[in-house]
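Observations on the three-dimensional arrangement
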Amino acid sequence: MIRRAVLVVLGLVWLYPTYLLLVNAARPAASYDPATAWAPSGDFALFANFAAALDKADLGSSLASTALYSVVSPLLGVVIGAMAGYTIVVLRLRHGFWWFLLIFGGTVFPSQMLLVPLFVGYSDAGLYDTRAGMLLVYTAVNVPLAAFVLRNFYSGVAFSIFEAARMDGASTFRIFWRVYLPISTSALAAVFILEFTFIWNDLLFGLTLTTTESVRPVMTALAGLMTDVYAGTPVPVGLAAGLMCSLPTVLLFLATQRLFARGLSLGSV
Amino acid sequence: MRRSSPILGRFRYGYVAPAALLVAGLLYAPFVWTAYLSLTRYDGLAPPEWAGLANFGKLFDDPALLTSLRNTLLWVVGTMVLPVGLGLLVAVLSYDIKGGAWYRVPFMLPYALSGAGLALVWSPILSHGGIANVLLGVDTAFLQSAPVNTLAMLLVWTWQQLGVNTLLFVVGLQSIPKEPIEAARLDGASGWRLFRHITWPLMRPLTAVVVGLALVASLKTFDIVWVLTQGGPGRNSETLAVTMYKETFVASDYGYGSAVAVMLTVVTGLASYLYLKRQVAS
Amino acid sequence: MIRSGMATLGVAALFLAACGGTGGGTPQKKTELTLYNDKGAWTKYFDEMGALSKQKIGLGMKPTGYTDSAQYQAFIKASFRTNVKPDLFTWQTGGMLEEIVKQKQVADTTAVWHEAIKAGDLSQDLAPYYTIGGKQYCVPMNVAYWGMFYNKKLFDQHGLKPPTTWDELVKAAATLKKAGVTPFYHTSVLFSFVWFEQLMAGSDPDLYDRLSTGKAKYTDPGVVQVMEKWKELIDAGYFVNPGDKTDPGDVMKNGKAAMISFGTWFNTSMTQRDMKAGTDYGFFVIPNVNPALPKTSVIFESGPLCSLAKAADPDASTKYLKWWTSAEAQEKWATSRGDVSANPKVQIKDEALGQITKDAGSGKYRLVNRYFEATPPPVLTAALDGFGKFVTEPGTYKEVLATIQKEADEYWSTHQ
């Protein structure tokens with residue numbers, strides 16, 4: 001009981017800024033006053049604000065490319081990273097710790113400094129402004145995280161599982177694909193959520209490595225609305241834009257909830 | 001890890017190769033370029049001029065860098081206590097109760113918000129005369145004087161990041177085999193003792209992940225500072241990554257900015273090596 | 001070494017199968033130009049311009065917007081070394097423009113300027129900001145004049161009129177302050193330079209110019225006096241707390257401060273908050289601090305629209321820039337954003353803004369280049385931080401000036 005009480009109280013504290021976000025995103029654009037920002041407005045203008053943001057951001061192109069990056073790259077990243085983690089821990093790769101460090105080291109370098117060299121390299125390699133190029137960079141950024149989580153997750157899995165599968169004559173790849181990937185669903189899902197959110201909200205690589213509408217992430221214009229003083233965007237419209245950008249991620253959270261519920265985890269085999 | 005003989009199989013290197021190649025090609029190669037630039041004078045336009053170690057010499061002579069170091073340290077320590085520590089608490093409280101996943105929803109929601117959205121939500125709260133002032137009955141401009149501004153941003157960071165850490169801890173907790181816990185229960189262990197002696201050691205693999213990731217992320221703290229204070233006022237809330245960004249892109253001093261980047265990379269690399277060596281390699 | 005590494009990766013990327021995108025091989029005759037800009041929030045307006053130009057001159061335009069100008073500038077500079085060639089791109093006047101002109105990256109637009117001035121589409125007064133070594137480069141993408149936006153209702157309530165002298169301005173501030181209204185707005189983030197530049201330009205514009213070219217020092221008595229003047233106003237309680245993070249548009253709307261100094265583009269913030277010019281708010285030119293000066297100093301801001309010297313289709317780019325300066329294009333560009341235009345023929349709907357544009361065009365003011373463009377990036381970076389510190393702790397002004405000067409010394413020792 002105490003546990004639930006603590007969770008509820010803490011949860012309410014956490015929800016307060018979310019409440020402010022919702023209340024003010026739903027406020028008529030011209031009636032925002034920071035002095036009374038906590039009080040809900042009588043008029044409900046959330047959809048008007050959505051419309052205003054969409055109109056200004058002029059999202060002519062489809063969401064397709066952004067959706068492609070934020071789904072395919074994490075999938076690739078998770079599988080590639082999991083495979084590396086599996087090889088290092090379960091297959092006991094020689095100098096495994098150093099291989100692991102090599103891969104994890106990819107997170108060490110500050111990402112802002114990647115921009116100029118990546119841009120120059122991409123334009124030389126013909127990857128600038130291509131979907132393949134975007135998938136490539138997002139996958140690379142995602143691999144270290146996936147490798148780290150899955151490496152450690154597999155290190156907690158009883159080795160007897162591998163031995164048993166080996167006895168049955170399964171190949172190492174088959175064991176990875178049919179045994180290890182399925183038992184790590186919750187870990188894979190957690191990594192996927194993190195990486196999806198990162199790519200969905202990314203402006204760094206998306207802005208620097210693309211130009212045409214069909215390749216460029218759609219979030220650019222919407223993000224500009226929120227930060228640019230020259231745009232003069234009223235706060236409620238900015239918040240509505242932020243809310244809109246967050247919706248797919250929130251839906252993903254809710255859709256994957258089941259994977260993290262007690263008892264469904266297969267990791268305890 | 002057991003130090004027994006490696007499993008045979010021709011494709012072992014083939015399995016790690018994609019990961020290693022992607023990381024080396026896209027994330028290491030740019031570092032080589034940056035390391036080279038740190039030894040030059042370069043404005044991003046005219047060809048770089050060789051400058052030897054001059055940029056690194058400047059590192060030791062820059063009072064702003066000392067502030068950045070101090071703030072970065074605060075971020076590292078603060079991150080371990082708040083987003084990680086509280087994240088563990090929420091995970092432990094919620095992982096094995098009925099409907100626990102729903103109790104975690106409020107903590108996950110903020111993670112969906114982008115940096116610009118974060119600033120829009122929190123500026124009116126932390127502003128002078130803002131909501132926090134009213135709620136707490138104080139008259140403080142939370143984003144102005146150091147170290148209050150860094151601490152305030154740390155709270156915002158906690159608000160956003162807690163859910164992710166909780167999620168990873170939950171994955172770790174749920175992957176624990178049930179048998180040792182049942183056995184300990186039969187021996188009469190419960191509550192704190194059960195957690196301290198049985199659960200905590202067993203969830204170590206994922207704890208190492210959360211701490212390792214938080215260590216790297218906090219050393220590289222950038223986005224949240226950039227959207228809330230841009231490192232100011234008067235550079236008093238700059239972190240190493242903010243200093244690096246400002247010197248490189250805002251002031252167009254690519255050489256010095258790269259030197260800060262190299263230093264940051266070395267510090268982060270060393271810290272993660274030392275931590276991972278203990279947690280992972282043993 | 002990067003290049004070869006990345007080339008290898010290009011091969012590695014083949015297994016991902018390229019889908020969409022351009023790659024290499026640019027056509028020589030273009031029917032649609034790309035316009036790279038750091039005004040991501042203006043994408044809609046650029047798109048409208050692209051549609052209009054397609055219709056009028058058969059040349060379309062697609063914007064590629066960035067949201068962080070530092071990142072944007074780094075990208076453009078890096079693009080000069082690659083085969084990614086923006087047809088058109090926005091930039092900054094002052095040192096930033098000079099820098100890329102010196103590297104021979106920017107197309108000469110002397111002919112465009114010559115014709116536009118003759119046709120009355122551009123004013124001769126603008127030319128100096130676009131002239132380097134006797135030739136013109138780029139055309140004005142936007143222009144803005146800086147002055148004071150004021151809350152008309154608060155002014156009326158306290159019987160105040162837009163001041164015409166500095167003393168009147170200070171008196172108005174005192175009246176408001178006494179009535180419990182905060183007179184002025186300032187901030188410690190990004191726009192921390194506004195009051196410094198305004199007070200400098202209104203006290204000694206020549207010193208301001210010398211300061212931006214490294215011929216004067218931040219520690220000179222004239223500059224110190226300006227900081228003391230600013231501190232005096234802060235100490236009198238005339239400014240909002242710089243820790244107040246309220247959007248300036250909302251500061252104005254809710255009367256948190258009665259006056260805010262910004263460029264004419266701030267009008268967009270007002271209109272988007274349903275405020276009416278002339279009844280809810282007004283705009284006046286800030287009087288000089290030093291009444292002995294022959295002309296009132298007005299801070300002027302202009303963002304260039306440039307094309308590359310090695311553009312993929314130089315004729316098309318030039319044609320576009322030429323069209324951009326025309327009244328037909330500028331009418332649309334200015335009115336869609338509710339801003340002023342570089343073209344004197346364009347009718348500005350907002351009365352006060354129309355007036356200042358006309359006056360500025362007729363040589364009534366001494367136009368002073370905005371601090372943001374006038375100051376070289378490393379010095380600017382130090383100065384923005386310095387002023388941010390100063391507004392938070394006004395007592396530190398001497399230390400602040402010394403810190404900026406240290407950066408200036410370092411810069412000018414290699415850039416004279």
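Because the structure is a prediction, the values reported are computed rather than measured. (Residues numbered from 1 in each chain as written. Chains lettered and ligands numbered in written order. Predicted model: local features only at pLDDT ≥ 70, side-chain atom pairs only at ≥ 80, totals over all residues.)

Before going further, it helps to spend a moment on the overall build of chain A. Across its full length, chain A holds twelve helices and zero strands. Ordering the α and β elements of chain A from the N terminus gives α-α-α-α-α-α-α-α-α-α-α-α. Taken along its principal axes, the extent of the C-alpha atoms in chain A is 70 × 60 × 30 Å. Sorting the 269 residues of chain A into buried and exposed places 59% on the buried side. Across chain A, every contact between residues at least 6 apart in sequence was considered, and the portion connecting residues at least 24 apart equals 77%. (Helix = DSSP H or I, 4+ residues; strand = E, 2+ residues; numbered from the N terminus. Buried ≥ 20, exposed ≤ 12 C-beta atoms within 10 Å, placed from the backbone. Contact = placed C-beta atoms within 7 Å.)

Within chain B, the regular secondary structure consists of 14 helices and two strands. Oriented by its inertia axes, the alpha-carbon framework of chain B measures out at about 70 × 65 × 30 Å. A buried classification covers 55% of the 282 residues belonging to chain B. Sequence separation of 24 or more characterises 68% of the internal contacts of chain B that already satisfy a separation of 6 or more.

What follows concerns the interface of chain A and chain C. At the junction of the two partners, chain A supplies 48 residues and chain C supplies 46 residues. Secondary structure elements with two or more residues in the side of chain A that touches chain C: α2 (46-57), α5 (115-125), α6 (131-155), α10 (204-208) and α11 (219-227) of chain A. Top contributing element to the side of chain A that touches chain C by residue count: α5(A), with ten residues. Class assignment of the residues belonging to the side of chain A that touches chain C gives a composition of 27 nonpolar, 14 polar and seven charged. (Nonpolar A, V, L, I, M, F, W, Y, C, P; charged D, E, K, R; others polar.)

Here the focus is the interface of chain B and chain A. Contact with chain B, which involves 81 residues of that partner, is made by 85 residues of chain A. At 15 residues, helix α1 (residues 12-37) of chain B tops the list of elements feeding residues into the side of chain B that touches chain A. Of the residues that constitute the side of chain B that touches chain A, the class distribution is 61 nonpolar, 16 polar and four charged.

This part is about the UniProt feature "transmembrane region" (unreviewed entry) in chain B. Per the UniProt annotation, the sites labelled "transmembrane region" (unreviewed entry) are residues 12-33, 73-95, 107-131, 151-173, 206-228 and 254-276 of chain B. In residues 12-33 of chain B, helix accounts for 100% and strand for 0%; the two terminal C-alpha atoms are 31 Å from one another. (UniProt positions renumbered as here; feature names shortened; annotations may be inferred.)

What follows is about the confidence of the model for chain A. Residues and elements named next belong to chain A. Mean pLDDT over chain A works out to 88, with 95% of the residues at or above the 70 mark. At the low end of the mean pLDDT range in chain A sits α11, at 73; at the high end sits α6, at 95. In the predicted structure, residues 263-269 sits below a pLDDT of 50 and forms 20 contacts with residues beyond four places in sequence or in another chain. (pLDDT = per-residue confidence, 0-100.)

Turning our eyes to something else, we now look at the packing of helix α9 (residues 178-186) of chain B against helix α10 (residues 191-202) of chain B. How two helices sit against one another is set out by the angle between their axes and by the gap between those axes. Residue and element names in this part refer to chain B. In contact at an axis separation of 10 Å, α9 and α10 are set at 170° when each is read in the N-to-C sense. As the angle between them shows, α9 and α10 are arranged roughly antiparallel. Note on element contacts: α10 touches α9 through L194, I198, T199 and L202, opposite P180, I181 and A184. Here the residues of the contact of α9 with α10 sort into six nonpolar, one polar and no charged. (Axes fitted to C-alpha atoms, helices over the stretch in contact; angles between N-to-C directions. Parallel < 35°, antiparallel > 145°, perpendicular 65-115°, else oblique.)

Moving residue by residue along a regular strand, the side chains alternate between the two faces of the sheet. All names here are of chain C. Where burial is concerned, most of strand β6 (residues 139-151) is hidden: 13 out of the 13 residues are buried. Where β6 meets strand β9 (residues 297-307), six bridges bridge the pair, whose relative direction is antiparallel. The residue of β9 that forms the bridge with N142 is G303. As defined by bridge partners, β6 adjoins strand β7 (residues 259-263) across five bridges and the pair is classed as antiparallel. Bridging from a neighbouring strand, F149 pairs with I260 of β7. Of the pairings in the sheet, the one linking β6 to strand β8 (residues 281-284) comprises four bridges and is antiparallel in character. Looking at the pairing, F149 lines up with F283 of β8. (Pairing = 2+ DSSP bridges.)

On to the environment of A:W200, then. Residue and element names in this part refer to chain A. Residue position: W200 is located in helix α9 (residues 185-201). The buried category is assigned to W200, around which 23 C-beta atoms lie within 10 Å. Put simply, W200 and L259 are 59 residues apart on the chain and 21 Å apart in space, counted from C-alpha to C-alpha. Every residue in contact with W200, bar those within four places of it in the chain, is listed here: T66, S70, P248 and T249.

This paragraph deals with helix α18 (residues 397-412) of chain C. All names here are of chain C. Across its 16 residues, α18 extends 22 Å between first and last C-alpha, which sits within 8% of the 22 Å expected from 1.5 Å per residue. Burial in α18 covers these residues: Y397, V400, L401, T403, I404, Q405, E407, A408 and Y411. Buried residues belonging to α18 abut α10 (221-235) and α17 (377-392). (Expected span 1.5 Å × (residues − 1).)

Here the focus is the pairing of strand β1 (residues 32-37) of chain C. Residues and elements named next belong to chain C. With six bridges joining them, β1 and strand β2 (residues 60-65) adopt parallel strand pairing. Looking across to β2, one finds that N37 is bridged to G65. You can see the chain leave β1, run along helix α2 (residues 43-57) and come back into β2, and the turn it takes is right-handed. Where β1 meets strand β3 (residues 88-90), two bridges bridge the pair, whose relative direction is parallel. Bridge pairing links L35 to L88 in β3. (Right-handed = clockwise from strand over helix to strand, strands pointing away.)

Between helix α1 (residues 2-25) of chain A and helix α6 (residues 115-126) of chain B, whose axes approach to 10 Å, the crossing angle comes to 105°. In this view, α1(A) runs roughly perpendicular relative to α6(B), as classed from their interaxial angle. Between α1(A) and α6(B), the residues in contact are A:P17, A:L20 and A:L21 and B:V121, B:W122 and B:I125, respectively. A per-class count over the contact of α1(A) with α6(B) returns six nonpolar, no polar and no charged.

Let's shift gears to the domain arrangement of chain A. What the domain assignment lists for chain A is domain 1 (2-31 + 40-57) and domain 2 (64-217). Distance from the C-alpha centre of domain 1 of chain A to the C-alpha centre of domain 2 of chain A: 34 Å. (Domains from an automatic or database assignment.)

Before going further, it helps to spend a moment on the environment of C:I76. Residue and element names in this part refer to chain C. Within the element layout of this structure, I76 appears in helix α3 (residues 69-79). With 23 C-beta atoms counted inside 10 Å, the residue I76 sits in the buried group. As a C-alpha pair, I76 and N37 span 39 residues in sequence and 9.5 Å in three-dimensional space. Those residues in contact with I76, other than ones at most four positions away along the chain, are Y36 and F89.

Another point: the UniProt feature "transmembrane region" (unreviewed entry) in chain A. Residue and element names in this part refer to chain A. According to UniProt, the feature "transmembrane region" (unreviewed entry) maps to residues 67-91, 98-120, 132-154, 175-200 and 235-255 in the numbering used here. Taken as a whole, residues 67-91 contains 92% helix and 0% strand, while its terminal C-alpha atoms sit 34 Å from one another. Across residues 132-154, the secondary structure splits into 100% helix and 0% strand, with the terminal C-alpha atoms separated by 31 Å.

Next up on the list: unusual backbone geometry. Residue and element names in this part refer to chain B. Here the bond from A146 into P147 is cis, since omega is 0°, no more than 30 degrees from zero. Within the secondary structure layout, P147 lies in the loop between α7 (131-136) and α8 (148-174). With an omega of -5°, the peptide bond between G232 and P233 qualifies as cis. Within the secondary structure layout, P233 lies in the loop between α12 (223-228) and α13 (240-250).

Before going further, it helps to spend a moment on the environment of C:G303. Residues and elements named next belong to chain C. Within the secondary structure, G303 sits in strand β9. Distance in space between the C-alpha atoms of G303 and A144 is 8.9 Å, their sequence separation being 159 residues. The contacts of G303, once residues within four sequence positions are left out, are T90, Q92, M141 and N142.

With that settled, the discussion passes to the confidence of the model for chain B. Do not read the fine detail of predicted coordinates wherever pLDDT is low. The pLDDT averaged across chain B works out to 91; a share of 95% of its residues lies at or above 70. Interface confidence in the predicted complex, given as ipTM, is 0.92; pTM for the same model is 0.92.

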